[in-house]
Amino acid sequence: MKTALLTDDPKQALRIKRLFMSFASYLMCMGLVLYCDYRGWFLMPPGGTLWFLATVLVVNAGFYLVFRTGWNLRFSDSSLTMAQMVAAFLVLMVVIYYAGRVRGVMLLLYLITYVFGVFRLRVHQFFFLTVVSLASYALVIWLLVLNRPEAVDLQVEIMHWIVLAVVLPWFSLVGGYISQLRTTISKANSELSEALSTIEVLAIHDELTQVYNRRHMLDLLQKEKARADRHAPHFCLGIVDLDHFKNVNDRFGHLVGDTVLRTLVRDIGLEIREADFLARYGGEEFVMVLADTDLAGALRVAERMRKRAENCPYPGLPEDFRVTISIGLTEYVPVESIEMVLARADSALYQAKHRGRNQVVQQLKPDQPKAAVRSSSARPY
């Protein structure tokens, strides 16, 4: 029911809700008109009251259709605040013209209309509406003097007009200030939200390579461990280390070394799925976690990474410049600690380094700390 009346677009739904609020004000106005008509205070011709009320309903239905179909999005002010308020002033002109002895009371409806301007209007727009309001009331007085002089006390009406001329500008200033305050608060909230998002990203990512940092990696590993301990599919973990990276820094400098790290990590990261992740473990070491993957599948991923690293080009460096990687790979065994699985992967990485680098070594079980298997496609050692 809510979606049928409103829309799935939150901004459009808010505009329609505000339209419903203004329609509630129309209903109050129509109730007053009916009561005044019943008491004989409303001087509209026979049947005119019903036609007037029907017109008000059609106007509101028209605005609703404009919002519901999205036609309002073609205008700079998608809320159509000015258009709705001008329409309200036209309705008030008719009410005030036929109000008779209760005309002074009906003037208060101008103030209710002004309240809705605080959602969007600026001070200059409020002053424009003030001019429209005073002009419309002056027109009503003029028409009354021309057509029904016996039903108007010109001095009283002029006093009413002067009071409006004093009150409405103050409402314009206050309304414009509130509207500006709302805009400022909304902008501040938006900037704060963006700042918090940036802080959140910085808090969990490594500044240089933009992969997860060590602290967030440990948090994610705890979640993967909890899933695996609940009999979910196991995950595999690998420690990736750049071979002879110290030589890169010594030969080209640390800035080039940073570029190599960023480029290589971005390149090998293309080999993992969205459910997997890379994290910087320290220095030139990175941890990759492959969710819902057995050791055979993880070995294939690691080998693709190793081959991609062999062929990764680095802008600004010699064409034949290459950096290789070594990977120590293992599979999580339920109930063991994160420290144990990291230590096993580190032990496998040590084996890869010891046996010549540029290869993937896997270690199978926690009770076989020295067992290692060289991948069949790796470089012989």
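Residues numbered from 1 in each chain as written. Predicted model: local features only at pLDDT ≥ 70, side-chain atom pairs only at ≥ 80, totals over all residues. Heavy atoms only, no water.

Quick notes on the overall build of the protein chain
- From N to C terminus, the protein chain includes 13 helices and 6 strands.
- Scaling as 2.2 N^0.38, a compact globule of 381 residues should have a C-alpha radius of gyration of about 21 Å, whereas the protein chain reaches 37 Å, well beyond that.
- Based on the C-alpha atoms only, the size of the protein chain along its principal axes is roughly 115 × 45 × 30 Å.
- Put simply, the protein chain has 381 residues, and 43% of those count as buried. (Helix = DSSP H or I, 4+ residues; strand = E, 2+ residues; numbered from the N terminus. Rg over C-alpha atoms; globule rule 2.2 N^0.38 Å. Buried < 20%, exposed > 50% of the residue type's maximum accessible area, 1.4 Å probe, protein only.)

Here we look at helix α2 (residues 10-39)
- With 30 residues, α2 should cover 44 Å at 1.5 Å per step; its first-to-last C-alpha distance of 44 Å lies within 8% of that length.
- Buried within α2 we find Gln12, Ala13, Arg15, Ile16, Arg18, Leu19, Ser22, Tyr26, Cys29, Met30, Val33 and Cys36. (Expected span 1.5 Å × (residues − 1).)

A closer look at the pattern of salt bridges
- As enumerated under the stated definition, the model contains 15 salt bridges in all.
- For Lys353, the salt bridge identified is with Asp241, shortest N-O distance 2.3 Å. Note that Lys353 is positioned in helix α13 (residues 338-354) and Asp241 in strand β1 (residues 236-242), a separation of 112 residues in sequence.
- Exposure remark for Asp241: the relative accessible area of 6% places this residue in the buried category.
- With its nearest N and O atoms 2.8 Å apart, the salt bridge here joins Glu336 to Arg344. When sorted by exposure, Glu336 lands in the same class as Arg344, which is buried. (Salt bridge = Lys/Arg side-chain N within 4 Å of Asp/Glu carboxyl O.)

Focus on empty space enclosed by the protein
- Tallied over the full model, the rule gives 1 cavity of 30 Å³ or more.
- Taken as a whole, the largest cavity holds about 360 Å³ of empty space.
- Contributing to the lining of the largest cavity are 23 residues, with Ser22, Tyr26, Ala88, Thr113 and Phe116 lying nearest its centre.
- If you list the elements that add at least two residues to the lining of the largest cavity, you get α2, α3 (48-69), α4 (81-98) and α6 (109-115). (1 Å grid on protein atoms, 1.4 Å probe; cavity = no way out; pocket = protein on both sides within 12 Å on 5 of 7 lines; lining within 4 Å. Points joined across faces, edges and corners; volume = space filled by probe spheres on them.)

Some words on the nonpolar core
- One finds Phe52, Val95, Met106, Tyr110 and Tyr137 to be the most contacted residues of the largest nonpolar core, which totals 49 residues.
- Within the residue set of this core, elements represented by two or more residues are α2, α3, α4, α6, α7 (123-147) and α8 (154-204).
- Sorting elements by how many residues they give to this core places α4 first, with 10 residues.
- Excluding residues within four positions of it along the chain, Phe52 makes contact with Val33, Met44, Val91, Val94 and Val95.
- In terms of nonpolar packing, the next biggest core, distinct from the first, is built from 33 residues, Phe245, Phe286, Ala309 and Val360 among them. (Core = buried A, V, L, I, M, F, W, Y, C linked by side-chain atoms within 4.5 Å. Contact = heavy atoms within 4.5 Å.)

Some words on the side chain of Gln351
- In this structure, Gln351 sits in helix α13.
- Side chain to side chain, Gln351 and Arg355 meet in a polar contact 2.8 Å long. (Polar contact = N/O pair within 3.5 Å; in protein donor to acceptor, adjacent residues only side chain to side chain.)

Comments concerning the pairing of strand β4 (residues 325-331)
- Of all 7 residues that make up β4, 6 are buried, and the element is covered over most of its length.
- Pairing analysis gives 7 bridges linking β1 to β4, with the strands arranged antiparallel. Bridge pairing links Cys236 to Glu331 in β4.
- With 4 bridges joining them, β4 and strand β5 (residues 360-363) adopt parallel strand pairing. Its bridge partner lying in β5, Gly328 is registered against Val361.
- Following the chain from β4 across α13 to the adjacent parallel β5, one finds a crossover that is left-handed. (Pairing = 2+ DSSP bridges. Right-handed = clockwise from strand over helix to strand, strands pointing away.)

A few points about unusual backbone geometry
- A positive phi is found at Gln210, a non-glycine position, where the angle reads about 65°.
- Structurally, the position occupied by Gln210 is in the loop between α8 and α9 (214-229).
- Phi at Val335 is positive, roughly 85°, even though this residue is not glycine.
- Locating Val335 in the fold gives a position in the loop between β4 and α13.
- Residue Val335 is classed as exposed on the basis of its relative accessible area, which comes to 68%.

Comments concerning the confidence of the model for the protein chain
- Put simply, the protein chain has an average pLDDT of 85, and 94% of its residues get 70 or more.
- Confidence drops under pLDDT 50 across residues 367-381; counting only partners more than four residues distant or on other chains, this segment forms 35 contacts. (pLDDT = per-residue confidence, 0-100.)

Brief notes about the packing of α2 against α3
- Interhelical geometry of α2 versus α3 gives an angle of 180° and a closest axis separation of 10 Å. Judged by the angle between their axes, α2 and α3 are roughly antiparallel. Within the contact between the two elements, α2 uses Gln12, Arg15, Ile16, Leu19, Phe20, Ser22, Phe23, Tyr26, Met30, Val33, Leu34 and Asp37 and α3 uses Thr49, Phe52, Leu53, Val56, Leu57, Asn60, Phe63, Tyr64, Phe67 and Arg68.
- Considering only residue class, the contact of α2 with α3 consists of 15 nonpolar, 4 polar and 3 charged. (Axes fitted to C-alpha atoms, helices over the stretch in contact; angles between N-to-C directions. Parallel < 35°, antiparallel > 145°, perpendicular 65-115°, else oblique. Nonpolar A, V, L, I, M, F, W, Y, C, P; charged D, E, K, R; others polar.)

Quick notes on the state of the cysteines
- Following the criterion strictly, the structure yields 0 disulfides and no others.
- Cys36 provides the cysteine sulfur closest to Cys29, a residue in no disulfide bond, and the two sulfurs are 9.4 Å apart.
- Taking relative accessible area as the criterion, Cys29 reaches 8% and is therefore assigned buried. (Disulfide = S-S within 2.5 Å.)

Section: the packing of aromatic side chains
- Scanning the model with the defined rule gives 8 aromatic pairs in all.
- Taking the centre distance of 5.5 Å and the plane angle of 75° together, the rings of Tyr314 and Phe321 count as edge-to-face.
- By relative accessible area, Phe321 is classed as buried at 9%.
- Aromatic rings pair up to connect Phe252, Tyr314 and Phe321 into one cluster.
- Positioned above the aromatic ring of Tyr97 is the side chain of Arg148, whose terminal nitrogen or guanidinium carbon lies 5.4 Å from the ring centre. (Phe/Tyr/Trp six-rings, centres within 6.5 Å; stacked < 30°, edge-to-face > 60°. Lys NZ or Arg CZ within 6 Å of the ring centre and 35° of its normal.)

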